[in-house]
Amino acid sequence: MVSRQAAELGNHWNRLQYYFALWGCFWSFLLPSAVQGQDDASALSTEEIAVLFADVLDKAVVIDAVGVQAETLWFASGHFETRWWSSNREGWVTGRWMARDSKRCVLISEPSPASAPGWRCGKILREFGGVYRSLNPDDSTHGLHQLSALPAELKSSLP
């Protein structure tokens, strides 16, 4: 009786090991580039940033705030509007942006910029597959971004 239970327990353990191995393989293919090295990414120039972020919709996963996603409207006029959300919170951020010294710089106007006064500038890296990575001023990853053309109805109501 004991040997039968031990054999069944061994079979269960073997199946669990198999599932753990499969699970590990599955996640190894899905790991975002944010946890990989920055060696494969290329930094954008000031001119590339200015052109790339003129009148685009940016859908992002925020890496330095786990569970947060965002959509930003980047206007060629230098204005931006961001809507962000997580499982239990949401909010809006507006302000100005510009490209300078091969970095994208933002100046938050709403909500009150007391927590982040002044311009904050970070590099933008081109990743594989049309994904962009934004960096914080300290070169840590801020987010991963998918860009698309700004919908026509939004272009006509530029701020």
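These lines cover the structure that appears in this document, whether it is placed above or below. (Residues numbered from 1 in each chain as written. Predicted model: local features only at pLDDT ≥ 70, side-chain atom pairs only at ≥ 80, totals over all residues. Heavy atoms only, no water.)

A closer look at the nonpolar core
Side chains of nonpolar character tend, in soluble globular proteins, to be buried together.
Okay, so step 1: Grouped together as the largest cluster of nonpolar side chains are 15 residues, with contacts concentrated most on I49, F53, W74, F80, W97 and I124.
Okay, so step 2: Listed by contribution, the elements that provide at least two residues to this core are strand 2 (56-62), strand 3 (68-74), strand 4 (79-85) and strand 5 (90-100).
Okay, so step 3: What I124 contacts, discounting residues up to four positions off in sequence, is S42, A43, L44, I49, F53, R104, Y132, R133 and S134. (Core = buried A, V, L, I, M, F, W, Y, C linked by side-chain atoms within 4.5 Å. Buried < 20%, exposed > 50% of the residue type's maximum accessible area, 1.4 Å probe, protein only. Helix = DSSP H or I, 4+ residues; strand = E, 2+ residues; numbered from the N terminus. Contact = heavy atoms within 4.5 Å.)

Considering the pairing of strand 3
Looking along a regular strand, one sees the side chains alternate between the two faces of the sheet.
Okay, so step 1: Burial runs high along strand 3: 5 of the 7 residues are buried.
Okay, so step 2: Sheet topology note: the strand 2/strand 3 ladder contains 7 bridges and is antiparallel. What sits directly across from V62, in strand 3, is V68.
Okay, so step 3: In textbook terms, the turn of a hairpin is the stretch between consecutive antiparallel strands, and for strand 2 and strand 3 this stretch comprises 5 residues, one of which, G67, has a positive phi near 90°.
Okay, so step 4: As consecutive antiparallel partners, strand 3 and strand 4 are separated by 4 residues, and within that stretch G78 has a phi angle of approximately 100°, a positive value. (Pairing = 2+ DSSP bridges.)

A look at the state of the cysteines
Okay, so step 1: Inspection of every chain in the model, using the stated rule, returns 1 disulfide.
Okay, so step 2: Note on cysteine connectivity: C105 is disulfide-linked to C121, with sulfurs 2.0 Å apart. Handedness here is read from the sign of the S-S torsion; for C105 and C121, about 115°, the answer is right-handed. On the criterion of sequence distance, the pair formed by C105 in strand 6 (residues 103-110) and C121 in strand 7 (residues 120-122) is long-range, its members being 16 residues apart.
Okay, so step 3: For C121, a relative accessible area of 16% translates into the label buried. (Disulfide = S-S within 2.5 Å.)

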